[in-house]
Amino acid sequence: MTGRRRLALAILSAGLIGFGAIGFDATGQAVAKDKVKVGFIGPLTGGTSANGLGGRNSADLAVRLRNADPKAKYSYEMIGLDDECKPNVGVQQATKLAADKDVIAAATHYCSAVAIATVDVYHKFGLPVIVWGAVLPDITYRNKYPEVHRVNGTMINQNQHNAELVSKLGYKTFAVIHDTTDYGKGHNKYFSEALAKLGGKILGTFGVTSDQQDFNAELTQIKALNPQAIYFGGLTPIGVRVRAQMDKLGLNNILFDATSGIKSDAYIEGLGKLAEGTLSYIEGAPTERLPGGKFFMEKYAAQNYPNPPEAYGAFAFAAMTLILDAVEQAGPDRKKVMAILNNVKDRDSIVGKVSFDDHGQNTVAAITAFVAQDGKWVVWEDSEYAAGKRKLPGQK
Amino acid sequence: MDVGLIAQFAMNGLMLGMMYALVAVGFTLFFGVLDVIKFSHGDVLTVGAFAALASFIGLEALGVHSAALQLLTMVAVSVGAMAALGAVVARAFVLPLRSAPALNTLLITLMLGTVLRESVRLFYPDGANPKPFPRLLPASSLGIGNFNLRLDNMILLVAGILVIVGVQFLLNRTRLGLAIRAVAQDEETARTMGVNFNAIVLVTFALGSALAAFAGVMNGLYYNEINFGIGLYLGVVGFSAAIIGGLGSIYGAILGGFLFAAAQTIGAVALPFASAYKDVFAFAVVIALMAWRPTGLIPEKLSERV
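Residues numbered from 1 in each chain as written. Chains lettered and ligands numbered in written order. Predicted model: local features only at pLDDT ≥ 70, side-chain atom pairs only at ≥ 80, totals over all residues.

Attention now moves to the interface of chain A and chain B. Of the residues lining the interface, 28 residues belong to chain A; the matching set on chain B comes to 30 residues. Among the elements of the structure, β7 (201-208), α8 (216-225), α9 (236-248) and α10 (265-271) of chain A are those that each provide at least two residues to the side of chain A that touches chain B. (Contact = placed C-beta atoms within 7 Å. Helix = DSSP H or I, 4+ residues; strand = E, 2+ residues; numbered from the N terminus.)

What follows is the structure, encoded as structure tokens:
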């Protein structure tokens, strides 16, 4: 009797303990998931801090949304660091983040100079990162670091988009004026390459200094070449001069096809009516025009962040979301997360499709074309030029 | 090459040469009377151009829309204000350093130039951005093949020639010019002959600065755009032009200005490696000319430095 009782009790208690243990596990996981750290770096102070804070908030939004999702396997904590848009500070912060083994991956950098300075750090420490705002091609293309990825486009994508748009509009012959800095030379290189593939012809290329005042000699030569369009790779100050001096030489029936370098209010202010019909481009897009822009703006507004997301906030959100997805899939392991990120193909995100090439660069990044219309930069697709109501200079 | 294109290049070169010559004449005047280099000269040009722009905006605000009246006021304000500025600079920075080494004058005016330039950048509203300069001259043009002859360019060119002729007349045919030449030749003798040395120095600096202001307005009307950096480059070019012409000689400065513009235009057009190197070519020509003629193409007639 006592033996049987004791046995029954033992079975019962074993069962109870066992059951209890399982119940504890199940409830325990639902209440307190494992914590995973992810990182964010951007310029949170200084001249470009508006973009940095917008990016930080947007990445934070991705983390908050994931933490609120009951299906998420982990609970995430984001460490946000300030690179001040200075390469030396950026390298320190990147080292700090990468040296913390608990940090699995990070969305990093708005400033190109910082991003290019930090890639070696991430490579050395094996921390997978996704650049969310910097546009210099070299960040992904100078090295072939499996750690480094980028969701936003570069001047390569920008110039492909540019060449495609103007070719489609019927422009076949171009003269190129570019400044001889890395910026202008890069634009010249990528535009010429993209245009050659589409069958366009460059009749003459003119390198100019970035503070040149007089372009009459170059423009007179261009006049003799008689191209349909002038491609300009440089910044606003000389862009204004070139366009104004084109007018002086009677070159008003030639399209002025420029780059992100002149996409500023100062260009339009500096030229007044002459700015009309100039084309420019940016890597990225106004947030409301992105595929997931509306969703993003609603969620962002609901969090009551003190600063707006700015132009690249949606890209920071997309970068962080890709990281969180990878951690969900592979667990908190840098190498596994990196392997997943390296195989991102045709993934939907709020900034459109994301496909990383073998350098980690998103090859289908959003580029937006603008045309100066009535003293404003208007998104090309919304303009009267695209609608056919007006014609660009020299358009047939 | 097509004749129309050659004419176009020549026209562009003449316009550049005229602006360079006006700046170079200023350098040569200052050097003539006081044997000093005033490096803020280019930035005085910038301030002059911005003064003209500000007076244009003021007139628009006052409801004066007549282009001729606006132009006259702009030139008057700019030239008057810069003449005053030039005299003040001479009084405050150049004359007190009369007995100090000439290098000190060069340095103090170099720094003053930076102050002027940065002041325009910082204190003119949105001064860091390029500013549109009004088109006040008739814009009609005559297209002859590839040559686009613009009426406004012709007016600017003629105005520039008239100013230079006027300066020549002032220096060679008036009592004031005689006094300036006397001081330039021999300060002490001029003093003993009753020339008010300080007054002549101030007048000369006012005259040179007024020329810079005129060049600034001309620059604005020609390019229809001004920015805080225009004077820096024009200053360096004007100085080089004055040197190759022969510092102290008015004709030399004019010749130097046009030579430099010609070198630049040839550099941009005729060289196979294109326009990126046109300044390299032009300044190389300056170096070559200086090596060939160390005192300039038209040296100062009476060199009395002992």
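Here the narrative resumes.
What follows concerns unusual backbone geometry. Keep in mind that most residues, glycine aside, have a negative phi and that most peptide bonds are trans. All names here are of chain A. Although it is not a glycine, Cys85 adopts a positive phi angle of roughly 60°. One can find Cys85 in the loop between β2 (74-82) and α3 (87-99). Taking the C-beta count within 10 Å as the criterion, Cys85 has 23 such neighbours and is therefore assigned buried. Backbone geometry places Asn304, a non-glycine residue, at a positive phi of 55°. Among the residues examined, Asn304 registers 6 C-beta atoms within 10 Å and is labelled exposed. (Buried ≥ 20, exposed ≤ 12 C-beta atoms within 10 Å, placed from the backbone.)

Below, the discussion takes up α8(A). With 8 of 10 residues buried, α8(A) is to be regarded as a mostly interior element. Looking one or two places after α8(A), you find Asn226(A), whose phi comes out positive at around 55°.

The next thing to look at is the nonpolar core. Ranked by size, the top nonpolar core spans 216 residues in total, and within it Ala319(A), Ile323(A) and Ala21(B) carry the most contacts. The dominant element in this core, judged by the number of residues it contributes, is helix α8 (residues 197-223) of chain B, at 18 residues. Excluding anything up to four places from it in sequence, Ala319(A) contacts Ala107(A), Ile130(A), Trp132(A) and Val151(A). (Core = buried A, V, L, I, M, F, W, Y, C linked by C-beta atoms within 7 Å.)

Residue and element names in this part refer to chain B. Tracing the backbone shows Gly113 in helix α4 (residues 102-123). Expressed as a C-alpha distance, the spacing of Gly113 and Gly231, which sit 118 residues apart in the sequence, is 9.1 Å. Once residues lying within four places of it in the same chain are set aside, the contact partners of Gly113 are Phe39, Ser40, Gly42 and Asp43.

Residue and element names in this part refer to chain A. Pairing analysis gives 7 bridges linking strand β6 (residues 173-179) to β7, with the strands arranged parallel. Residue pairing across strands places Ala175 opposite Gly204, the latter belonging to β7. Regarding the hand of the β-α-β motif, the stretch spanning β6, helix α7 (residues 182-197) and β7 is right-handed. (Pairing = 2+ DSSP bridges. Right-handed = clockwise from strand over helix to strand, strands pointing away.)

This is a description of form; function is not addressed.
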